[in-house]
Amino acid sequence: MSTPIPGPQPRGERLGDDARARLEVDAKEIISRYPRRRSALLPLLHLVQSEQGYVSADGIDFCADQLGITAAEVTAVVTFYTMYKRRPVGEYHVGVCTNTLCAIMGGDQIFAELKEHLGVGNDETTADGKVTLEHLECNAACDFAPVVMVNWEFFDNQTPESAKKLVDDLRVGADVRPTRGPDSVCTWKQASRVLAGFPDGRAAEGVQAGEASLRGLRLARERGWRAPEAGAGDGGNTGKEAS
Amino acid sequence: MTTLTPVLSKHWDQADSFALETYRRNGGYEALRKALRMAPDDIVEMVKASGLRGRGGAGFPTGMKWGFLPKDNPNPRYLVVNADESEPGTCKDIPLMLANPQVLIEGVIIASYAINCNQAFIYVRGEVLHVVRRLQHAVAEARAAGLIGENILGSGFDLDIVVHTGAGAYICGEETALLDSLEGYRGQPRLKPPFPAVAGLYASPTVVNNVESIASVPGIVAEGAEWFSGMGTEKSKGFGFFSLSGHVVRPGQYEAPLGITLRELLDMAGGIRPGHRLKFWTPGGSSTPIFTDEHLDVPLDFESVGAAGSMLGTRALQIFDETTCVVRATLRWIEFYAHESCGKCTPCREGNYWMVQVLDRLEHGKGTEADLDKLLDICDNLLGRSFCALGDGAASPVMSSIKYFREEYIEHFTGGGCPFDPARATLWAEPTGGKGR
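Residues numbered from 1 in each chain as written. Chains lettered and ligands numbered in written order. Predicted model: local features only at pLDDT ≥ 70, side-chain atom pairs only at ≥ 80, totals over all residues. Heavy atoms only, no water.

If you look chain B up in an unreviewed UniProt entry, it shows as NADH-quinone oxidoreductase subunit F from Allonocardiopsis opalescens. Listed under Catalytic activity (unreviewed entry) in UniProt, the entry text for chain B is "a quinone + NADH + 5 H(+)(in) = a quinol + NAD(+) + 4 H(+)(out)". (UniProt positions renumbered as here; feature names shortened; annotations may be inferred.)

Under an unreviewed UniProt entry, the name given to chain A is NADH-quinone oxidoreductase subunit E, and the source organism is Allonocardiopsis opalescens. The record held by UniProt for chain A lists under Catalytic activity (unreviewed entry) the comment "a quinone + NADH + 5 H(+)(in) = a quinol + NAD(+) + 4 H(+)(out)". The heading Sequence similarities (unreviewed entry) in the UniProt record of chain A holds the text "Belongs to the complex I 24 kDa subunit family."

Have a look at this one:
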């Protein structure tokens, strides 16, 4: 009896000639931003991910061709960074922060309940291809814990119930609005294109700041606290007042 | 009593605070006009005189870093903004760039002019899509207004700024790993020296500064070095964000002079959630040794926090009450370090891997007292033995949690498991009478 020999990573989908032609135009623009070509590699990988939803073998070859480096050199980079996926990702990537602070504030429970609710494990996609679930490391929103990210948009102060409703809405295509983000969530591929450096014109949508970000400022206003004025001399506030 | 001093966050409550027009209406870009009339070296001296120290964690004097660029190196100079905010607990640069990216752009232009560089990069982590949008938008608006590009405001100074998004790697917050990443490689730290000032991006003289450091520059130029150094303590000048998270009533961003205490901040943030008490906290992210309720009155400046056995770091105050298992918290942090270790240096790569195994069995009641010595021994072999500080950071929560909570570790294996109910620690837990577990 022979045991199957583990093969190389599947090539994934092919990158068609049309797509390649389109991407070459974008790649030129990306490369032109940098003093040295190779600096364009990370955005180029976001670019091929925006086309296919993940980085296929053709995607790797494409990047290698654009930069005049080998596929092995590109692969070494792809596998280093967690945002590059080597397998297809759902339309919506749902990330649950389970680093210490979010985990303790309830991220662990949210992640466990979502796994059960969706019937998938970590880094797996629902059968309808809609949602990929993954646990995340700290996403720099600790004052909004527990945090869930959908296609890298912030969904702050989540509970197991709100997170389950969120993924249900995503799966049926109902409107979903990030807490601090644009008016709706774009697709995984569209998000990757923004990350490659092609703006989608949605920067002005959504709030300028979340509630937690404003708490210090609001308190200062309430209590009449200000930073000192320049040249106020001895009478200026230095951030100290008599107790 | 210390009060809050909103400077960077002063206009965050205006709905379009991120727009160039709003920023200008609030006095933005006046500092740039002033700077462009100054000699570049005078700006460097001004920043030195202000006492501004790096806000990304290490606290190195910003002006001195700028002054290290060799005068005789013919290569182009680069400014790289470290916007890869990823240290667990740290959440100040992201809201800053979301609410007011223009103050960062103005800081980049002034700093570039001061160090005589014509190409700057903002390396932002990729997992914050709307922040990336706001940065791209801010650069585009500034370019359209002639604030970036050729002959800025008629000064003859040229500058281009590129927003470069990372792809998910904590290690890229380390400045030399960030440079490797920006050059299109795996983000692995370089041996220092040479420091980036001498051989940074493309082996050219490079300044790498944190977002908050650079965003503090326009204020210093506009208001003067004395204005800035009038706040804070003798050796830790100025103000900064204190980011409170976890078991507090009103977590959030509190901009205050360095030297404020957690007791004062907790008072402003409504205290620990009702019915509970402070158990442990990080002064500056997970890489800084934890503190307990003994340390409520330690002034949060570089020197005082250091003298009390930790580090000011990024002023990321993660607050945990008595419902939190310190072993679980530490395990989770070490899982993080193990995942994020780039693998280049053996002590960090292997040490973190093994610490996860040991902590996991301790948390599940299967450890022994010898495991605690084993952990401390691994930490001893981690600390100071790798190219960068990631491994040092990992040793911090392990050593400090054993120091303050050794009994709790022991209770895990004498009691046959974790004595805590994780449900009690969640955001939605019912308030209790403060019994603890």
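Draft legend 1. Here's a closer look at the UniProt feature "binding site: [2Fe-2S] cluster" (unreviewed entry) in chain A. Taken from the UniProt record, the annotation "binding site: [2Fe-2S] cluster" (unreviewed entry) applies to Cys97(A), Cys102(A), Cys138(A) and Cys142(A). For the residues just named, distributed over 46 residues, the greatest C-alpha separation is only 9.6 Å, placing them together at one site. By the secondary structure assignment, Cys97(A) is in strand β1 (residues 92–97). If sequence neighbours within four positions are ignored, Cys97(A) has contacts with Cys102(A), Ala103(A), Gly107(A), Leu136(A), Glu137(A), Cys138(A) and Val147(A). Considering the arrangement of structural elements, one finds Cys138(A) in the loop between β3 (131–136) and β4 (148–150). Once you skip the residues sitting within four places of it in the chain, Cys138(A) turns out to touch Cys97(A), Asn99(A), Ser86(B), Glu87(B), Pro88(B), Gly89(B) and Arg125(B). (Helix = DSSP H or I, 4+ residues; strand = E, 2+ residues; numbered from the N terminus. Contact = heavy atoms within 4.5 Å.)

Draft legend 2. Layout of the domain arrangement of chain B. Residue and element names in this part refer to chain B. Each assigned domain of chain B is listed here: domain 1 (20–227), domain 2 (239–321) and domain 3 (326–414). Between domain 1 and domain 3, the contact holds 12 residues from the first and 9 residues from the second. Joining domain 1 to domain 3, the criterion identifies 0 salt bridges. If you look at where domain 1 meets domain 3, you find 3 residue pairs in polar contact (both at pLDDT 80 or more). (Domains from an automatic or database assignment. Salt bridge = Lys/Arg side-chain N within 4 Å of Asp/Glu carboxyl O. Polar contact = N/O pair within 3.5 Å; in protein donor to acceptor, adjacent residues only side chain to side chain.)

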